[in-house]
Amino acid sequence: MEKPYNTDEQYLRDLIQEGGLQKPSVDFSSKVMASIQDSKEHVAAKPLISVTGWMVLTFIFLVSSALLYFYPIENRSFTNTIAWPWSNFQEVFSGFEMTNELMYACIFVSLFLIQIPFIKRFLERQRT
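On a predicted model such as this, the values are computed, not experimentally measured, just so you know.

Each value, and the rule that gives it
Residues numbered from 1 in each chain as written. Predicted model: local features only at pLDDT ≥ 70, side-chain atom pairs only at ≥ 80, totals over all residues. Heavy atoms only, no water. 1 Å grid on protein atoms, 1.4 Å probe; cavity = no way out; pocket = protein on both sides within 12 Å on 5 of 7 lines; lining within 4 Å. Points joined across faces, edges and corners; volume = space filled by probe spheres on them. Helix = DSSP H or I, 4+ residues; strand = E, 2+ residues; numbered from the N terminus. Nonpolar A, V, L, I, M, F, W, Y, C, P; charged D, E, K, R; others polar. Expected span 1.5 Å × (residues − 1). Bend = angle between axes of the 7 residues up to and from the residue. Patch = residues over 30% accessible without salt bridge, like charges linked within 9 Å, V, L, I, M, F, W, Y side chains within 5 Å. Areas by Shrake-Rupley, 256 points an atom, 1.4 Å probe, with all protein chains shown as cover. Salt bridge = Lys/Arg side-chain N within 4 Å of Asp/Glu carboxyl O. Phe/Tyr/Trp six-rings, centres within 6.5 Å; stacked < 30°, edge-to-face > 60°. Buried < 20%, exposed > 50% of the residue type's maximum accessible area, 1.4 Å probe, protein only.

J.: Please clarify how the layout of surface pockets should be interpreted in this entry.
T.: To locate leftover empty space, one rolls a probe as large as a water molecule over the atoms. In this structure, the largest pocket encloses a volume near 320 Å³. L48, I49, G53, V56, L57, L111, I114, Q115, F118 and I119 together form the lining of the largest pocket. Listing elements by their share of the lining of the largest pocket, those giving two or more residues are α3 (51-70) and α6 (100-127). It is α6 that contributes the most residues to the lining of the largest pocket, 5 residues altogether. Taken together, the residues that form the lining of the largest pocket break down as 8 nonpolar, 2 polar and no charged. Empty space within the second largest pocket amounts to approximately 220 Å³. As for the second largest pocket, its lining consists of V43, A44, A45, K46, P47, L48, F122, R125, Q126 and T128.

The following block contains the structure:
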């Protein structure tokens, strides 16, 4: 196992000695620094959600909060107003109780899934 390693190392040493060392030009470092400074692009930071997007989200939140305050869910019967695919919607889910942990998990998973298209679009814009 050691033998191939030693021969490779010796071969590389021979190549380096054959090639020798080259001295860079006098202004090498200044040319490198100039090319680095030229290649720097000043990119302004852009928010993921624009100001108008935040306004729309705030408006939706306020309107939905006001509607829930003035028209509570307890006074509504959704089974009578919406034609569900099954006749007794409340009977189907009567035995189902959602714990707080399950509710939080569903909320966080849905928030994660909602973010994916926005993040994908943001990253595609960054690449171009």
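J.: I tried to follow α6 on my own but got confused; where do I start?
T.: Since the α-helix turns once every 3.6 residues, residues separated by three or four places project in the same direction. Taking 1.5 Å per residue as the helical rise, α6 with its 28 residues ought to reach 40 Å, and the 40 Å between its terminal C-alpha atoms agrees with that figure. In the structure, α6 departs most strongly from a straight axis at I116, where the bend amounts to approximately 30 degrees and where the proline P117 lies between one and four residues downstream.

J.: What am I meant to see in a nonpolar patch on the surface here?
T.: On the surface, F96, M98, L102, M103, Y104, I107, F108, L111, I114 and F118 cluster together into a nonpolar patch covering about 990 Å² of accessible area. For I107, the location among the structural elements is in helix α6.

J.: Is there a simple way to explain the packing of aromatic side chains in this structure?
T.: Aromatic ring pairs are reported here in terms of the distance separating the ring centres and the angle at which the planes meet. Taken as a whole, this structure holds 1 aromatic pair when the rule is applied. Ring centres of Y69 and F70 lie 5.2 Å apart, and the angle between their planes is 75 degrees; on these two criteria the pair is classed as edge-to-face. For Y69, a relative accessible area of 66% translates into the label exposed.

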